[in-house]
Amino acid sequence: MRKSTATKTSSSIILAVESSCDETSAAISKNGEILSNIVATQAVHENYGGVVPELASRAHQQNIVPIVHQAFQQANITKTMLNAVAYTQGPGLLGALLVGSSFVKSFAWGLQIPLIAVNHMQAHILAHFIESPRPQFPFLCLTVSGGHTQLVVVRDYLAMEIIGETMDDAVGEAFDKIAKLLGLPYPGGPHLDRSAQQGNPERFSFPTTSMPELSFSFSGIKTAVLYFLRDQLKQNEQFIKENLPDLCASVQSTLINMLLEKVEAAASQTGIREIAIAGGVSANSGLRSKLQALAIQRQWQVYIPKVEYCTDNAAMIAMAAHYQYLAGLTDTLATSPNPRLKFGTE
């Protein structure tokens, strides 16, 4: 349960923990400046071609103490200097979220300092305020990850509205599953991106899904690629191996075009020219370059975070917590992780 408190301090030092999926991360911020951001990626999932929730939870348990310790050391901060602690409430894997929330709640209880629960997707958007250049309000943000694809109008740090989202699969899921069909290792999206840089994006044509207004759909292209590969492999068992860069480039170009078509429509409808991208898929080199090229044509001002702030990290959790703390929004120890936490909810 969220409560509003009058937070009037000369300094806000916050420890933030991110544990929504397969990265264990801890960061410390002071007055909105990130002093440390430590991330431990779990390699164990590579053997299974995807994240295994139970293994993720166990890895978080192993990593969280040393990761937090490193964050304190790098920031040159002690726990007694903290003004608040923050954690990812959701969305994410329940077991993974429980590890982070339980750890941070113990800090809040032991030190008798405020606890702040953060929405993971809103934190991705606020990663844009970690470093300059920072977008001006209002701005339009395309948030793209393995679990979400959303178009969000951001009116203020804590005032955001979804105006479009996927009706089925997220674009990150499409990248990863198609990469798996192509025989690429997990995580597939980055491997597909690297291979695509050597290929011809116009070599193969894949169908796109036409959705009403600002909605997305990515389930169809996965099925289309599956059947395409099945038919080609019947004729040539080496088809994927012989055409991998072109296949990756063609798939990536199709997915990116589907995203940017909706970004253009949203910018036209809202009249907003400040455009941002956030989330793990915003690290994709093809998306970043095509958005920048489109921005020149449309005279947009584009904001793209550093790659380290695109993927899951605690710095973005600390940034979101900073603005919630300034607004006096804190949470009680009764607040629970929510794996299906909706945008803009507590």
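Being a predicted model, the structure only gives us computed values, none of them experimental.

Turning next to the layout of surface pockets. Estimated volume of the largest pocket: approximately 1400 Å³. As for the largest pocket, its lining consists of 49 residues, of which Asp22, Gly146, Asp176, Tyr186 and Pro187 are closest to the centre. Only β4 (33–41), α3 (120–126), α4 (171–181) and α5 (188–196) provide two or more residues apiece to the lining of the largest pocket. Around the second largest pocket sit 15 residues that line it, and Gly147, His148, Arg340, Leu341 and Lys342 are the ones nearest its centre. Elements that contribute at least two residues to the lining of the second largest pocket include exactly β8 (149–156) and β9 (159–165). Along the lines of polarity and charge, the residues of the lining of the second largest pocket split into six nonpolar, six polar and three charged.

Looking along a regular strand, one sees the side chains alternate between the two faces of the sheet. For strand β7 (residues 139–144), the tally of buried residues reaches six of six residues, placing the bulk of the element in the interior. Alternating positions in β7 separate into two faces, Phe139, Cys141 and Thr143 on one and Leu140, Leu142 and Val144 on the other, with burial throughout. As paired strands, β7 and β8 are joined by six bridges and run antiparallel to one another. Bridge pairing in β8 places leucine 142 opposite leucine 151. Between the end of β7 and the start of β8, which pair antiparallel, lie four residues. Sheet analysis places β7 next to strand β10 (residues 274–278), joined by four bridges and oriented parallel.

Structurally, threonine 166 can be placed in the loop between β9 and α4. Among the polar contacts listed, one links the side chain of threonine 166 to the backbone nitrogen of aspartate 168, at a separation of 3.2 Å. A distance of 2.6 Å separates a polar side-chain atom of threonine 166 from the backbone oxygen of aspartate 169. Not counting residues up to four positions away in its chain, the partners in contact with threonine 166 are Thr149, Phe216, Ser217 and Phe218.

How each quantity is defined
Residues numbered from 1 in each chain as written. Predicted model: local features only at pLDDT ≥ 70, side-chain atom pairs only at ≥ 80, totals over all residues. Heavy atoms only, no water. 1 Å grid on protein atoms, 1.4 Å probe; cavity = no way out; pocket = protein on both sides within 12 Å on 5 of 7 lines; lining within 4 Å. Points joined across faces, edges and corners; volume = space filled by probe spheres on them. Helix = DSSP H or I, 4+ residues; strand = E, 2+ residues; numbered from the N terminus. Nonpolar A, V, L, I, M, F, W, Y, C, P; charged D, E, K, R; others polar. Buried < 20%, exposed > 50% of the residue type's maximum accessible area, 1.4 Å probe, protein only. Pairing = 2+ DSSP bridges. Polar contact = N/O pair within 3.5 Å; in protein donor to acceptor, adjacent residues only side chain to side chain. Contact = heavy atoms within 4.5 Å.

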